[in-house]
Amino acid sequence: MAGRVVRRAFKFRFYPTAVQAEQLARTFGCTRYVYNRALAERTRAWSQEQRRVTYSDTSKMLTGWKREAETEWLAEPSKGPLQESLRQLQGAFDRFWRKQTGYPQCKKKGQSKDSATYFSNCFTYRGGQVRLAKQAEPLDIRWSRPLPEGAVPSQVTVSRNARGQYHISILVEDTITEPPSTDRVVGLDAGITSLYTLSTGEKITNPRHERADRARLVKAQRALAKKEKGSRNRAKARLKVAKIHGRIADRRRDYLHKLSTRLVRENQVIAIEDLSVRNMVKNRSLSRAISDASWSEFRSMLEYKADWYGRRVVAVDRFCPSSKTCSVCGVIASAMPLDVRVWACRCGVVHDRDVNAARNILAVGLAVAACGDGVRPPRT
Ligand SMILES: [Zn+2]
């Protein structure tokens, strides 16, 4: 079976040597400086002269800054990450102009994640080792899974988070072999009491450890609130909160990766509800459940994996009354408060609220897949 080529990012933890850590800290400082200074130049040109500064303008400015006596240290790190920093700024402005985000903000030390991106001319990957430009030693990477065989990394991003951990994200071109097509289809309801409910009746709960981690987080946040502002203990307490946050997010992402891979492998069509998270978060009792469920992240995992494996994700209109409609006879119940978990239809069927909703989502999804926005063209 012929495979398809896709770009994938693989993220690993790594442990820099003291020399590397120092060098990375300087590189991060330089990328931050370049970003902020280019942002200031753009802001000034616009507010004083109504002139738009482009990426290539800022690139020329950077060359000049490296020659200035007081910023000649900018010439020290590899130039790739500095260029990339300017490109990121360009991206931030593009999103601003498309009205997707607010005006770009400057990067503050310790508040935004430090990162630096190296393109293929600024690092080498040989014998399973990554060596960054201007570094003598390869990075000590914990390879939690192998890179695909024969993979050629085209770009790497190293970062340092608020917990002081270093990660490297390696972008490679990977060949994916599609699994054989299947007749299986599934509907998915994003739930409140369980994380997701499948139309098969299976209920997927929150990841293990989550409850204990939550309790720890609450405790750490309380401790933080009691610490005196600006004190050393407060900084320590803040780091602890960040660590627990990070662990919850890591574990949940890992869990959702496994779940999305499984669902996409097992099913040809996956019908989901096109939830508007923004609308639902207004209801405070739901807000935590929604954010916990990381619905939008999960949805995007399903969508890109479906694309890899030749499967289809169909998002069903969120106004379709999936909870209130009987999936057997089609009658719509008049009201369905959120605390009703089980209900009996006039036709005699007793429904689990979430399983019924998942079945309705599947039915609408299949109808959309059959006649809706076109059929996916066959792959060659
Ligand atoms: Zn019924």
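Please read these numbers as outputs of a predicted model, since none were measured by experiment. (Residues numbered from 1 in each chain as written. Predicted model: local features only at pLDDT ≥ 70, side-chain atom pairs only at ≥ 80, totals over all residues. Heavy atoms only, no water.)

### Comments concerning the packing of aromatic side chains
Selection rule: In summary, the pairing rule links any two rings of Phe, Tyr or Trp, Trp by its six-membered ring, whose centres are within 6.5 Å, and it sorts them by plane angle into stacked for under 30 degrees, edge-to-face for over 60 and tilted for everything else. Only DSSP runs of H or I reaching four residues or more are called helices, and only runs of E reaching two or more are called strands; each is numbered from the N terminus.
If you walk through the whole model with that rule in mind, you get nine aromatic pairs. Where F93 meets Y103, the ring centres are 5.5 Å apart and the plane angle is 90 degrees; that geometry is what we call edge-to-face. Here F93, found in helix α3 (residues 79–97), pairs with Y103, found in the loop between α3 and β2 (114–119); they are 10 residues apart in sequence, far enough to count as distant. Aromatic ring contacts, followed pair by pair, group F93, F96, W97 and Y103 into a single cluster.

### A word on the coordination of the zinc ion
Ideal values for angles at a metal depend on the geometry: 109.5 degrees with four tetrahedral donors, 90 or 180 degrees with six octahedral donors. Spelled out, the test is: Note: metal donors comprise N, O and S atoms at 2.8 Å or less from the metal (3.2 Å for Na, K and Ca); water molecules are not included, so apparent gaps in a site are possible. Irregular is the default label, applied whenever a site is not tetrahedral (four donors, all angles between 85 and 135 degrees) and neither square planar nor octahedral (four or six donors, opposite donors over 155 degrees apart, all other angles between 65 and 115). Whether a residue is buried, partly exposed or exposed follows from its accessible area with a 1.4 Å probe, protein chains only, as a fraction of its type maximum: under 20%, in between, or over 50%, in that order.
Every protein donor of the zinc ion is accounted for by C326 (SG), C329 (SG), C345 (SG) and C347 (SG), and the metal-donor separations fall at 2.2 to 2.4 Å. Taken together, the four donor atoms coordinating the zinc ion span angles of 103 to 117 degrees at the metal, a pattern that classifies the geometry as tetrahedral. Counting gaps between the donor residues of the zinc ion yields the pattern C-x2-C-x15-C-x1-C. Remark: C347 occurs in the loop between β13 (342–344) and β14 (350–352) and C329 occurs in the loop between β12 (312–316) and β13; sequence separation between them is 18 residues. For C347, a relative accessible area of 38% puts it in the partly exposed group.

### Examining the sheet that holds strand β6 (residues 153–160)
Rule in force here: Here, any two strands with at least 2 DSSP bridges between them count as paired. Contacts: residue pairs with any heavy atoms within 4.5 Å of one another. Axis definition: a line fitted to C-alpha atoms, limited for helices to the stretch in contact. Angles are taken between N-to-C directions and run from 0 to 180 degrees.
Here five strands make up an open sheet; going across it, the order is β2-β6-β7-β1-β5 and the pairing antiparallel. Each edge of the sheet is formed by a strand with only one pairing partner; in this case those strands are β2 and β5 (141–142). With seven bridges joining them, β6 and strand β7 (residues 166–176) adopt antiparallel strand pairing. Looking at the pairing, T157 lines up with S169 of β7. Its contacts with the sheet place helix α1 (residues 18–49) against β1 (4–14), β2, β6 and β7, and it is angled at close to 95 degrees to β2.

### Some words on the pattern of salt bridges
Here is the rule: Salt bridge, as used here: a side-chain nitrogen of Lys or Arg that lies within 4 Å of a carboxyl oxygen of Asp or Glu.
Applying the stated criterion across every chain, the model contains 19 salt bridges. Residue R44 is joined to E49 by a salt bridge in which the shortest nitrogen-to-oxygen separation is 3.4 Å. For E49, a relative accessible area of 40% gives the class partly exposed.

### Quick notes on the layout of surface pockets
Definition in use: Lining residues are those with an atom within 4 Å of a point, where the points come from a 1 Å grid over the protein atoms alone and group into cavities, where a 1.4 Å probe fits but cannot get out, or pockets, open sets with protein on both sides within 12 Å along at least five of seven lines. Grid points are joined across faces, edges and corners, and a volume is the space filled by probe spheres set on the points. When residues are grouped by polarity, Ala, Val, Leu, Ile, Met, Phe, Trp, Tyr, Cys and Pro land in nonpolar, Asp, Glu, Lys and Arg in charged, and all others, Gly among them, in polar.
Volume-wise, the largest pocket comes out at about 1300 Å³. Around the largest pocket, the lining comprises 36 residues; the ones closest to its centre are K11, D250, R253, D254 and H257. Elements supplying a minimum of two residues to the lining of the largest pocket: β1, α5 (232–266) and α8 (295–309). In terms of residue count, the dominant contributor to the lining of the largest pocket is α5 (12 residues). Split by residue class, the lining of the largest pocket holds 10 nonpolar, 10 polar and 16 charged.

So yeah, pure geometry; function would need other evidence.
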